[in-house]
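Residue-level structure breakdown
Letter by letter, the chains look like this.
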Amino acid sequence: MFCQRRQQVPALVHQGTPTANCEHTADMATPIPHITLHMVASLDGFIASPDNELSWMEASWAVYEKGTELTDAVVAEFLQRVDCYIMGSHTYELALELGWPYGDTRTIVVTSRRLAATRDSVEFHAGDLTALVRGLGQQNAWLVGGPTLYQEFLRLDLVDEVCLSMAPVLLGEGTPFYRGGRHKLGLKDMTAYRSGMIELLYEVIRH
Ligand SMILES: NC(=O)c1ccc[n+]([C@@H]2O[C@H](COP(=O)([O-])OP(=O)(O)OC[C@H]3O[C@@H](n4cnc5c(N)ncnc54)[C@H](OP(=O)(O)O)[C@@H]3O)[C@@H](O)[C@H]2O)c1
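Every value quoted in this text rests on a predicted model; they were computed, and no experiment measured them. (Residues numbered from 1 in each chain as written. Predicted model: local features only at pLDDT ≥ 70, side-chain atom pairs only at ≥ 80, totals over all residues.)

With that out of the way, let us pick up the pairing of strand β4 (residues 106–110). Of all five residues in β4, four are buried, a share of seventy percent or more. Relative to β4, strand β3 (residues 84–88) runs parallel, the two being bridged by five bridges. Its bridge partner lying in β4, Y85 is registered against T107. For the handedness criterion, the β-α-β arrangement of β3, helix α2 (residues 89–98) and β4 is classed as right-handed. As paired strands, β4 and strand β5 (residues 122–125) are joined by four bridges and run parallel to one another. Each residue of the ladder has a partner; that of T107, found in β5, is V122. (Buried ≥ 20, exposed ≤ 12 C-beta atoms within 10 Å, placed from the backbone. Helix = DSSP H or I, 4+ residues; strand = E, 2+ residues; numbered from the N terminus. Pairing = 2+ DSSP bridges. Right-handed = clockwise from strand over helix to strand, strands pointing away.)

As a matter of local geometry, the ligand sits amid 26 residues, with G88, H90, G145, G146 and T148 nearest to it. For the shell around the ligand, the secondary structure elements donating two or more residues are β1 (34–42), β2 (46–48), β3, α2 and α4 (147–155). In the shell around the ligand, the residues fall into 13 nonpolar, eleven polar and two charged. (Near = placed C-beta within 6 Å. Nonpolar A, V, L, I, M, F, W, Y, C, P; charged D, E, K, R; others polar.)

What follows is about the nonpolar core. Ranked by size, the top nonpolar core spans 43 residues in total, and within it L37, A41, L143 and F153 carry the most contacts. For L37, the residues in contact, after removing those within four places along its chain, are L143, Y150, F153, V159, V162 and C163. (Core = buried A, V, L, I, M, F, W, Y, C linked by C-beta atoms within 7 Å. Contact = placed C-beta atoms within 7 Å.)

Scored by pLDDT, the protein has a mean of 86; 85% of the residues are at 70 or more. Residue range residues 1–28 is modelled with pLDDT below 50. Its contacts to residues more than four positions away, or to other chains, number 75 contacts. (pLDDT = per-residue confidence, 0-100.)

For the rest of this paragraph, the subject is α2. Of all the residues in α2, the buried ones are T91, Y92 and A95. Seen end-on, α2 carries its buried residues on one side only, within an arc spanning 105 degrees. Those residues of α2 hidden inside the fold are in contact with β3 and β4. A positive phi of about 110 degrees marks G99, the residue just after α2. (Arc of directions from axis to C-beta.)

Right, let's talk about the environment of A126 for a bit. Here A126 is to be found in the loop between β5 and α3 (129–134). Assessed through the 11 C-beta atoms surrounding it within 10 Å, A126 is described here as exposed. For A126 and V109, which are 17 residues apart along the polypeptide, the C-alpha to C-alpha distance reads 8.6 Å. A126 has contacts with T111 and S112, leaving out every residue within four places of it along the chain.

The strand order across the open sheet built from eight strands is β5-β4-β3-β6-β1-β7-β10-β9, with neighbouring strands paired in mixed fashion. In this open sheet, the two edge strands, each paired with only one partner strand, are β5 and β9 (185–192). Within the sheet, the average angular offset between the axes of one strand and its neighbour, ignoring direction, is 25 degrees. The strands that α2 touches are β3 and β4; relative to β3, the one it contacts most, it runs at about 105 degrees. (Axes fitted to C-alpha atoms, helices over the stretch in contact; angles between N-to-C directions.)

A cis amide bond links G145 to the next residue, G146, at an omega of -10 degrees. As for its position among the elements, G146 is in the loop between β6 (140–143) and α4. The phi dihedral of N52 is positive, around 60 degrees, even though this residue is not glycine. Tracing the backbone shows N52 in the loop between β2 and α1 (72–80). Its identity as a non-glycine residue notwithstanding, A59 has a phi of 45 degrees, on the positive side.

Dropping the structure here:
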């Protein structure tokens, strides 16, 4: 399992692998989506540097010999299991600027503006986020930023899992991962990679 594919896509959208827990067993009569929030953060908890420079996410400056290697085969297998990405409009615009890393996978951009559709796989959603999630059906959706959008998802209790890829770097300043109310999390898995990135996977505890 992994939450990163450094060579294949810009680090802005490091990916994660849906786990067995992502498969719905609760109420099979009512299809429900599974929402995983995934972000890359520095060790001191920032998800963006003040100038939005991204090289710190690459984590290519040291090797952790005991770490897991991320192979193309594992990445490809993971990509097949993501049904859709959800992102805020700022993250969308940044991704377009960097070179679209989401392939042809369905991507829902949340915005109140009328943005130009750039690809067939991209659609736009305005307004009620709960309605958006309900409309997804039984899908594995990856919420890939930014903080404005995912903090709203968390506030509305729409996130099932949080996957944090922690890069081996201290930024000292930038955009914090989270500023919001308290949520209890249960650790489900963790993986250390050869790059020194550490993937932490949590479920959101709802009781
Ligand atoms: N480290 C990582 O893994 C990672 C990943 C992604 C992004 N980032 C960083 O995150 C930053 C961008 O995040 P951000 O918080 O500024 O922006 P964002 O969440 O990507 O987008 C915010 C925009 O989304 C729309 N939006 C959000 N909630 C909405 C709602 N409830 N209803 C309707 N529209 C809504 C609004 O768009 P309109 O204004 O168009 O209406 C809002 O201005 C960048 O610095 C980027 O580098 C980091």
